[in-house]
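One letter stands for each residue in the lines below.
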Amino acid sequence: MNTAPARPVRLLVCDDHVVVRAGLLALLGSAPDIDVVGEAGTGEEAVALAAKLAPDVVLMDLQLGAGIDGVEATRRITSSPGPAPAPAPHVLVLTTYDTDADITRAIEAGATGYLLKAERPEELFSAIHAASQGRTTLSPPVASRVMARMRAPHPTLTDRERDILGQLSQGLGNREIARALFISEATVKTHLGRIYDKLGVDTRAGAVAVAKEQRLLR
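As the structure is a computational prediction, the values presented were derived from the model and not from experiment. (Residues numbered from 1 in each chain as written. Predicted model: local features only at pLDDT ≥ 70, side-chain atom pairs only at ≥ 80, totals over all residues. Heavy atoms only, no water.)

**Q** Help me understand the overall build of the protein chain, please; the structure alone is not making it clear to me.
**A** Along the protein chain, the regular secondary structure elements total 10 helices and five strands. Viewed in the frame of its principal axes, the protein chain has a C-alpha envelope of about 70 × 35 × 35 Å. Classification of the 218 residues of the protein chain by burial places 41% in the buried group. Accessible surface computed for the protein chain: about 11,400 Å², of which carbon and sulfur atoms make up 54%. Taking the average location of the 24 positive side-chain charges in the protein chain and that of its 26 negative ones, the two points are 7 Å from each other. (Helix = DSSP H or I, 4+ residues; strand = E, 2+ residues; numbered from the N terminus. Buried < 20%, exposed > 50% of the residue type's maximum accessible area, 1.4 Å probe, protein only. Areas by Shrake-Rupley, 256 points an atom, 1.4 Å probe, with all protein chains shown as cover. Lys, Arg positive; Asp, Glu negative; His and termini not counted. Charge placed at Lys NZ, Arg CZ, Asp CG, Glu CD.)

**Q** Is there a simple way to explain the packing of helix H8 (residues 174–181) against helix H9 (residues 185–199) in this structure?
**A** When two helices pack together, their arrangement is given by the angle between their axes and by how far apart the axes lie. Put simply, H8 and H9 touch, their axes get as near as 8 Å, and they point 105° apart. With respect to each other, H8 and H9 are oriented roughly perpendicular. Of the residues in H9, those in contact with Asn 174, Arg 175, Ile 177 and Ala 178 of H8 are Glu 185, Val 188, Lys 189 and Leu 192. (Axes fitted to C-alpha atoms, helices over the stretch in contact; angles between N-to-C directions. Parallel < 35°, antiparallel > 145°, perpendicular 65-115°, else oblique. Contact = heavy atoms within 4.5 Å.)

**Q** When you look at the packing of helix H3 (residues 70–79) against helix H4 (residues 100–109) in this model, what are you seeing that I'm missing?
**A** One can describe the packing of H3 onto H4 by two numbers: an axis separation of 8 Å at closest approach and a directional angle of 15°. As the angle between them shows, H3 and H4 are arranged roughly parallel. Handedness of the H3/H4 crossing: right-handed. In this structure, H3 contributes Val 71, Thr 74, Arg 75 and Thr 78 to the contact, and H4 contributes Arg 105, Ala 106 and Ala 109. (Left-handed = near helix turned anticlockwise from the far one by under 90°.)

Following this line, the structure appears as C-alpha cells:
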C-alpha cells in the first residue's frame, strides 16, 4: 500500500547575528525535509512569528542582544497555544553557551532540545526532526553536564544565604535585600559571591534558576 510522504518540518530560525542566520538558512535550505518558513532577529520577533506562522520547531539562539533573550522567548512560545488546531511549537536551542545556568534556564522555559553550534550539520538536521516529534536531543557536552548535575549532591546553603536567595528570587537588588534583612550591601555582595560559587553560576538569574531546579528556596 502506498503511503503519502511525510511533509517537511516547518522551521522558524531565530538568531540576532545576520551572518550566522544567513549561514543557517543556506544550510537548512539544502535539506529537502526541512522547510524554513521564517526568520527572526529578536526574541520579540520570534514570538510574534511563531504565533503567526505556526512552525513545528523554532530554532532559538539564547543571546539575542536588546530585548528579551532566547530563554524568555522560549517561555512565551511554548506557553502560548498555536493557531487551532496546531499545538505550540517545539523550541530547539542552538547556542554557543553550555553553562549549567543556561541549560537549566532553557529547559525550565520549555525547550525540547539543547544543541551547540559546534555540532555537525547532520546532527542539527536530526535534532530538528526529533524536536518536531517532541523528542529531546542534547549535545554530548550538554548531556554530560546534565547528568553530572543530577548525580551531584545538592549544595549546602547557610540560613543567611537562603534568605538572600529568597529575596533574589523576588527580583530585589542588593540595596533592597540589604534593607529587608538589615545588613549592609557589602555583606549582601559577599554572600552572593558564595552563593554563586556553591551553585556553579555567575549571574543572578542563573542562581535563581538553579535554586528552583534543586528546590533550595524556602
